[in-house]
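Here's the letter readout for the chains.
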Amino acid sequence: MSDIRSAYTDSLHFYGRHTPRELAETYGTPLYVYNENVLRQRCRDLMALSGQPGFGVNYSIKANANPVLLRMIREEGLVVDAMSPGELFMNDLAGFTPAEILYISNNNSDTELQNALVHGLLVSVDSLSQLDTLGRLNRGGKVMVRFNPGIGAGHHAKVVTAGKETKFGVTPDKIDEVFALLARHELTLAGINQHIGSLFMEPDGYLNAARVLLDLAETLPDGALDRLEIIDFGGGFGIPYHKYEGEARLDMADLGRRLHAMISGWAASAGYTGRFLVEPGRYVAAECGVLLGRVHAVKNNGDKRYVGTDLGFNVLVRPAMYDSFHDVEIYRGEKGSADAEPMRQTIVGNICESGDILAKDRLLPVMREGDVLGILDAGAYGFTMASNYNQRRRPAEVLIQSDGTARLIRRRETLEDLARCLDGLL
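Everything quoted here is computed from the prediction, not taken from an experiment. (Residues numbered from 1 in each chain as written. Predicted model: local features only at pLDDT ≥ 70, side-chain atom pairs only at ≥ 80, totals over all residues. Heavy atoms only, no water.)

1. Examining the packing of helix α3 (residues 36-47) against helix α4 (residues 67-75)
Then comes step 1: Packing of α3 against α4 leaves a shortest axis separation of 9 Å and a crossing angle of 40°. The angle between α3 and α4 falls in the class oblique. Considering the relative orientation of α3 and α4, their crossing is right-handed. Mapping the contact onto sequence places Glu36, Leu39, Arg40 and Cys43 in α3 and Leu69, Met72, Ile73 and Glu75 in α4.
Then comes step 2: When grouped by side-chain class, the residues that make up the contact of α3 with α4 number 5 nonpolar, no polar and 3 charged. (Axes fitted to C-alpha atoms, helices over the stretch in contact; angles between N-to-C directions. Helix = DSSP H or I, 4+ residues; strand = E, 2+ residues; numbered from the N terminus. Parallel < 35°, antiparallel > 145°, perpendicular 65-115°, else oblique. Left-handed = near helix turned anticlockwise from the far one by under 90°. Contact = heavy atoms within 4.5 Å. Nonpolar A, V, L, I, M, F, W, Y, C, P; charged D, E, K, R; others polar.)

Structure below.
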């Protein structure tokens, strides 16, 4: 192959029987491409973390909610969460049963909470206010409470979900108020959970937070530990985004050994026979996805070279929102090899915003009009965060199946789709 930067996807045979340029020609760009084999392997990595009876993996579908992918995730033995009626709807489409879905709410309305209860779901609340609301709606029922362990993790302040500077969870010093509300509404505390943040690459913070939650479980009043059914440690499992710099992976074997030793030892000493869950989203979905786009214009402004593409932040918002890094591959096919020397280039999209930057000042082979680009590790928080800003249509999604063939799993939006909620109103 004469592609000029494709070593990573080549090593995985990511595109199966196709080339990225063929996929771009067939389905158009922008285009999300997912690899079934990679997705299933990441599920298996997580399921292998512990052999403790009751251990499981709760996939956070906010990372990627395509029902075709969700069905595969279910086949690999994972359960899922939902935090909105829309996510619950997608879980239903994928075939998950109520016993396989946790409703992890955040500032939900009465209507949304009632919808979860009607579906027979265990609901997690993350404030005293929401606990009181759920008690009014579900007197005598079960509830899960999200606690804030005071330990946060993540590559950006906007993805840290524990500690003093976040909106999430009930602090442990409010435990008496929690149990007062449980008593008032005759609720049973069936689960406790937490989430420290996203994209941790070292296990220590995660394990320390897990220990905090276990310690909290031991101090629950009124024999509540005996009634606990679920202890959910949350997620945030990171993946190496700097592929071409050889960034090390999260050591899942080490994490698994330490996590298993912790939960198995604690369960034996505490007499706990319920479930333990971890709650990854990114780790499951990120590496199975590549976003394909085209270079449409190249120019120099002063001493800066800009590469203009159809990959605006309406398609992938993470770099603009979180300053996130995604590695880039360049596919030129038969058009020729790379120029002799790489140069610093800034890859931008087609949105009318100065912040529409996909990759800033990257040292890369010189790009030309007509090149197809592959944005790596785009399977998580890619399509799910896409928008119609500038009235651009959301892209198609294609799955490279285990036999190497391509399958369309979401069509590209049409112009008519932009007005589908206006029917009969104009």
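Right, picking up where we left off after that structure.
2. Here's the deal with the domain arrangement of the protein
Then comes step 1: By the assigned domains, the protein splits into domain 1 (3-34 + 288-422) and domain 2 (49-281).
Then comes step 2: Placing a centre on the C-alpha atoms of domain 1 and another on those of domain 2 gives a separation of 33 Å.
Then comes step 3: Summing both sides of the interface, domain 1 and domain 2 together bury roughly 2000 Å²; the carbon and sulfur share of this comes to 57%.
Then comes step 4: Asp377 is the salt-bridge partner of Lys243, the closest N and O atoms lying 3.0 Å from each other.
Then comes step 5: At the junction of domain 1 and domain 2, the tally comes to 13 residue pairs in polar contact (both at pLDDT 80 or more).
Then comes step 6: Those elements that place two or more of their residues in the side of domain 1 that touches domain 2 are α1 (7-12), α13 (318-322), β18 (396-400) and β19 (406-410).
Then comes step 7: The residue inventory of the side of domain 1 that touches domain 2, partitioned by class, reads 11 nonpolar, 6 polar and 9 charged. (Domains from an automatic or database assignment. Buried area = accessible area lost by both parts, 1.4 Å probe. Salt bridge = Lys/Arg side-chain N within 4 Å of Asp/Glu carboxyl O. Polar contact = N/O pair within 3.5 Å; in protein donor to acceptor, adjacent residues only side chain to side chain.)

3. What about the pairing of strand β5 (residues 122-125)?
Then comes step 1: Burial of β5 is two-sided: the residues Leu122 and Ser124 facing one way and the residues Val123 and Val125 facing the other way are all buried.
Then comes step 2: Crossover strand β4 (residues 101-104) to β5 through helix α6 (residues 110-118) is right-handed.
Then comes step 3: Relative to strand β6 (residues 142-146), β5 is paired through 2 bridges, and the arrangement is parallel. The residue of β6 that forms the bridge with Ser124 is Met144.
Then comes step 4: Handedness of the β-α-β unit built from β5, helix α7 (residues 128-137) and β6 comes out right-handed. (Buried < 20%, exposed > 50% of the residue type's maximum accessible area, 1.4 Å probe, protein only. Right-handed = clockwise from strand over helix to strand, strands pointing away. Pairing = 2+ DSSP bridges.)

4. Remarks on the packing of α4 against helix α5 (residues 85-94)
What describes two packed helices is the angle between their axes and the distance between those same axes.
Then comes step 1: Where α4 meets α5, the closest approach of the two axes is 8 Å, and the angle between their N-to-C directions is 65°. Relative to α5, α4 is oriented so that their crossing is right-handed. Taken together, the residues of α5 that come into contact with α4 (itself represented by Pro67, Leu70, Arg71 and Arg74) are Met90, Asn91, Leu93 and Ala94.
Then comes step 2: Its residues placed into classes, the contact of α4 with α5 shows 5 nonpolar, 1 polar and 2 charged.

5. Observations concerning the packing of aromatic side chains
Aromatic ring pairs are defined here through the distance separating the ring centres and the angle between the ring planes.
Then comes step 1: One pass over the structure, following the stated rule, counts 12 aromatic pairs.
Then comes step 2: On the basis of an interplanar angle of 5° and a centroid distance of 5.8 Å, the ring pair of Phe313 and Tyr389 is categorised as stacked. In this pair, Phe313 is assigned in the loop between β13 (304-309) and α13 and Tyr389 in the loop between β17 (372-375) and β18, connecting sequence segments 76 residues apart.
Then comes step 3: You can call Phe313 buried: its relative accessible area is 18%.
Then comes step 4: For Tyr389, a relative accessible area of 34% corresponds to the partly exposed category. (Phe/Tyr/Trp six-rings, centres within 6.5 Å; stacked < 30°, edge-to-face > 60°.)

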